[in-house]
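One letter stands for each residue in the lines below.
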Amino acid sequence: MSAPSIRALGVSKEYVRGGHNPSLRTFREALAGAVTGRFRPSARPAPRDDRFLALSDVSFDVHPGEVMGIIGRNGAGKSTLLKILSRITAPTAGRIEVRGRIASLLEVGTGFHPELTGRENIRLNGAIIGMTSSEVARKFDRIVAFSEVEKFIDTPIKHYSSGMYTRLAFAVAAHLEPEILIVDEVLAVGDAEFQKKCLGKMNEIAGQGRTVLLVSHNLSAIGALCQNAILLDGGRILHHGAAADTIAHYSGLFRGDDGVVVEDKPPSGPHIASATLATNQILFGEKLAVTCMIQSPDRRRAAIEVEIHDGLGRKLIYSSTAPMHGQEFDIYPGTNRLMLGIGALPLARGSYELHLWLSKPWVEEFHRLSVPLCFDVVQSDPGGAGFDFQQSYERGCVAVPITFERQE
Ligand SMILES: Nc1ncnc2c1ncn2[C@@H]1O[C@H](COP(=O)(O)OP(=O)(O)OP(=O)(O)O)[C@@H](O)[C@H]1O
C-alpha cells in the first residue's frame, strides 16, 4: 500500500474551558483571528482544573485515493482535528505528518477575502496553496463554470449571496487539485443539486488518487462517499473502520437500551412517558410490537405517528394511526397504556430506528420521543430463495414482491 498522505500520531489538544470565544466559532473566523492576532493565547496559564482535552491521543492514517469521513456528536472534537490537520492550530501533544498540498474548506470559504472579486479570490487561493499563476489560469474557466457565478466574477464577494459564496469556495478548493482536500460540512449548505455536484466532484478527486477528508452530520453522504470513517467522541477515537460500521457505532450512541426509552424530561402536556419494544430483534416481514405509556393532564383526541430510519439515518417508512389510517383515539387524564403493532416490515437485515410521536393530527405535535427505539432485523430472505438481503447503500433496505409473466 502507498505511504499515507496524512498520518496523525498521538495527537492531543488541550483547551481552557470557556476559553472558546463564541465569536470565533467558524474556521474562517478562526483563520482571520489567527492572522489578526485575536486568537493569541493569554499570557497567564489557566488553572489546571479549567483545562480539558478536546482531542486525546488520536492516531490514524489516510491514504491517497481514500475518502475518509469524520463523524461524531457536537463537541466531539471534529473541527479541532481539522484545524490541526490544516495547521490553523498546533497540537498540544503528538504530531501530524502530511504528504502533499492541502486545500481546506472548513466552514466553506476559508481564505476568501470579502473586498476582493471572485476572480481575485480564485487567484489568491491558488497562490495560498502554492500554485503558479499559469496553473491557476488553466483551471480558471472550469472553476467559474462549476460555481455558476460567471456573471458576478468581477464583483467583490462581500456582495455574494451565501449560496454563491459556497459554490465558488467549493469550486476553488476542489479544482485547484490539492493532493489533500479537507471539507467541513459543505453538505449542510447549498441546494440539493449543488450538493450532488459536490459529492460527484469529491468522488472524482478520490478517483484521481487524491485524498479527501470529509466532516459531515449527513450520514447518508458519509455512507455513500467514504470507504472508511472515524467516530470521535469526547475527543477520542471510538471507532475507526469501514464507513458503514462506523455509522452503526455512531447510531449506537443514541440507542435506547434494550428496546426501552423512558422520557427524561417530559413536557407538562400530553406526552409519551415511555415506549418499550416487545423484542428488538425481528425477522423480515414481522411486526414490531410497542407498548407506549402516555401521560396526559386532560382528555384529548390523539394519534401516534411513526417513522422508521435506516442505519444511515435515512427515513424509510412513515405511518400513523391518523391521519394515514383515519384512527384517532381518546387519551384520558393520568396514564394511558397503548399497544402498537407496526408492520409487517419488509426490511433488509440490519439496524433500524423507530421514531415515535404523539399528535393531534394535522393540528399539533404534542410530543416526540427524544430518543428513537432501536431494533435489528436479524434475518431477511424476502423471496425464500436463500438470498441474504442485507442493508446497504447500493441495494437499499426495503423489499417488495415481484412477479413476472411471459407474454408470447
Ligand atoms: N478555542 C477553544 N477554546 C476552548 N475550547 C474550545 C475551543 N475550540 C473548541 N473548544 C471546545 O472543544 C471541544 C471540541 O470542539 P470541536 O469544535 O472540535 O467539536 P466538533 O466535533 O467540531 O463539534 P460540532 O459538531 O458542534 O462542530 C468542545 O467542547 C468545544 O467547546
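Residues numbered from 1 in each chain as written. Predicted model: local features only at pLDDT ≥ 70, side-chain atom pairs only at ≥ 80, totals over all residues. Heavy atoms only, no water.

- The protein chain goes by ABC transporter domain-containing protein in an unreviewed UniProt entry, where it is assigned to Labrys okinawensis.
- The annotation that UniProt attaches to the protein chain under Sequence similarities (unreviewed entry) is "Belongs to the ABC transporter superfamily." (UniProt positions renumbered as here; feature names shortened; annotations may be inferred.)

### Thoughts on the nonpolar core
Right, so step 1: With 45 residues, the main nonpolar core has Ile122, Leu168, Leu181 and Met202 as its most contacted residues.
Right, so step 2: In terms of residue count, the dominant contributor to this core is helix 5 (residues 162-175) (nine residues). (Core = buried A, V, L, I, M, F, W, Y, C linked by side-chain atoms within 4.5 Å. Buried < 20%, exposed > 50% of the residue type's maximum accessible area, 1.4 Å probe, protein only. Helix = DSSP H or I, 4+ residues; strand = E, 2+ residues; numbered from the N terminus.)

### Re the site of the ligand
Right, so step 1: By nearness alone, 16 residues border the ligand, and Gly75, Gly77, Lys78, Ser79 and Thr80 come closest of all.
Right, so step 2: Glycine 77 places a polar main-chain atom, nitrogen or oxygen, 2.9 Å from an oxygen atom of the ligand.
Right, so step 3: One nitrogen or oxygen atom from the side chain of lysine 78 is found 2.7 Å from an oxygen atom belonging to the ligand.
Right, so step 4: Burial of the ligand by the protein amounts to 81% of the accessible area it has alone, namely 640 Å².
Right, so step 5: For the shell around the ligand, the elements supplying multiple residues, two or more each, are strand 1 (6-16), strand 2 (51-62) and helix 2 (78-85).
Right, so step 6: In terms of residue count, helix 2 provides more of the shell around the ligand than any other element does, three residues in total.
Right, so step 7: Grouping the amino acids of the shell around the ligand by side-chain chemistry returns five nonpolar, eight polar and three charged. (Near = heavy atom within 4 Å. Polar contact = N/O pair within 3.5 Å; in protein donor to acceptor, adjacent residues only side chain to side chain. Areas by Shrake-Rupley, 256 points an atom, 1.4 Å probe, with all protein chains shown as cover. Nonpolar A, V, L, I, M, F, W, Y, C, P; charged D, E, K, R; others polar.)

### Description of the sheet that holds strand 2
Right, so step 1: Across the sheet, three strands lie side by side as 2-1-4; this open sheet has antiparallel pairing. Of all the strands in the sheet, just strand 2 and strand 4 (93-98) have a single pairing partner and so form its edges. When strand polarity is set aside, the average angle formed by the axes of neighbouring strands in this sheet is 25°. (Pairing = 2+ DSSP bridges. Axes fitted to C-alpha atoms, helices over the stretch in contact; angles between N-to-C directions.)

### Thoughts on the sheet that holds strand 13 (residues 288-296)
Right, so step 1: Reading across the sheet, the four strands line up as 10-11-13-17 and stay open at both edges, with antiparallel pairing between neighbours. Because the sheet does not close on itself, it has two edges, and the strands there are strand 10 (260-262) and strand 17 (334-342). On average, each strand axis in the sheet is tilted by 20° relative to the strand beside it, whichever way the strands run.
Right, so step 2: Where strand 10 lies against strand 11 (residues 271-277), three bridges are found, and the strand directions are antiparallel. Bridge pairing in strand 11 places valine 260 opposite threonine 276.

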